[in-house]
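Remarks on the overall topology
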Amino acid sequence: DLYEDDLEISIKVVIVGNGAVGKSSMIQRYCRGIFTQNYKKTIGVDFLEKHLRVSDEEVRLMLWDTAGQEEFDAITKAYYRGAQACVVAFSTVDRASFEAVRKWKKKVEDECGLVPMVLVQNKIDLLHESQVTAAEVEHLAKELQMRLYRTSVKEDLNVMNVFQHLAENYVSRV
Ligand code: GDP
């Protein structure tokens, strides 16, 4: 009911990173429990939501998907507006996406200020084809002072932990 709704903490989370690193898949996995090799992005669907508990509080995460339009400025403004937490994602098998992490972090800081952020190395199931070393990933995470999660959206590894951590981090600040 309305009263309960007022008590709820809502957090807008944006997920950024180069195309094809698995951002949409991560949202689908976390919110709907599904994974598909060729999920069709729907332009116009703003976000999916998921409720979780953080130390006795009910938290509502609204996970915003760019629908692959992240390079277009008009979409960008609405996408970042009011964001309170962020995932910066790259892919284990896409070196350029790793090299773009700095740029994405800066973009979020420019648009949203300082919000809780985590670094996600996705597609860890493809480690045998990795284009990045563990050492350089750890080095970057340390340098950027970001908590690092290695995930496989495909195998459902660590995805929940990313969002639980972000929610806890956010709640501990309010
Ligand atoms: P986005 O452009 O960042 O939103 O990326 P998508 O979610 O569209 O994912 C791009 C492709 O990577 C799709 O074919 C996904 O099925 C695939 N994908 C996403 N996550 C994983 C993963 O953890 N492992 C593997 N092997 N493929 C993944």
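This write-up is about the structure you can find in this document. The structure presented is a predicted model; accordingly, all values stated were derived computationally and were not measured.

Let's shift gears to the pattern of salt bridges. Considering all chains together, one arrives at 9 salt bridges under this definition. One network of salt bridges, with partners in common, ties together R95, E99 and E136.

Before going further, it helps to examine the sheet that holds strand 6 (residues 147-150). Each strand in a sheet pairs with its neighbour through backbone hydrogen bonds, running either in the same direction (parallel) or in the opposite one (antiparallel). Strands sit in the order 2-3-1-4-5-6 across an open sheet of 6 strands; the sheet is mixed. For this open sheet the edge positions go to strand 2 (47-54) and strand 6, each flanked by a neighbour on one side alone. On average, each strand axis in the sheet is tilted by 25 degrees relative to the strand beside it, whichever way the strands run. Inspection of the sheet shows strand 5 (residues 117-122) paired to strand 6 by 4 bridges, in the parallel sense. Within strand 6, the position partnered with V120 by the bridge is Y149. Running at roughly 145 degrees to strand 6, helix 6 (residues 134-144) makes contact with strand 4 (85-91), strand 5 and strand 6 of the sheet. Against the sheet, helix 7 (residues 159-173) engages strand 1 (9-16), strand 2, strand 3 (57-64), strand 4, strand 5 and strand 6, with an angle of about 70 degrees to strand 2.

What follows concerns the nonpolar core. Judged by nonpolar contacts, the single largest core of 55 residues is most densely connected at L61, V87 and F163. Top contributing element to this core by residue count: helix 7, with 7 residues. Dropping the residues within four chain positions of it, L61 is found in contact with I11, V13, Y30, L48, E49, K50, L52, F163 and A167.

Thresholds applied
- Residues numbered from 1 in each chain as written.
- Predicted model: local features only at pLDDT ≥ 70, side-chain atom pairs only at ≥ 80, totals over all residues.
- Heavy atoms only, no water.
- Salt bridge = Lys/Arg side-chain N within 4 Å of Asp/Glu carboxyl O.
- Pairing = 2+ DSSP bridges.
- Helix = DSSP H or I, 4+ residues; strand = E, 2+ residues; numbered from the N terminus.
- Axes fitted to C-alpha atoms, helices over the stretch in contact; angles between N-to-C directions.
- Contact = heavy atoms within 4.5 Å.
- Core = buried A, V, L, I, M, F, W, Y, C linked by side-chain atoms within 4.5 Å.
- Buried < 20%, exposed > 50% of the residue type's maximum accessible area, 1.4 Å probe, protein only.

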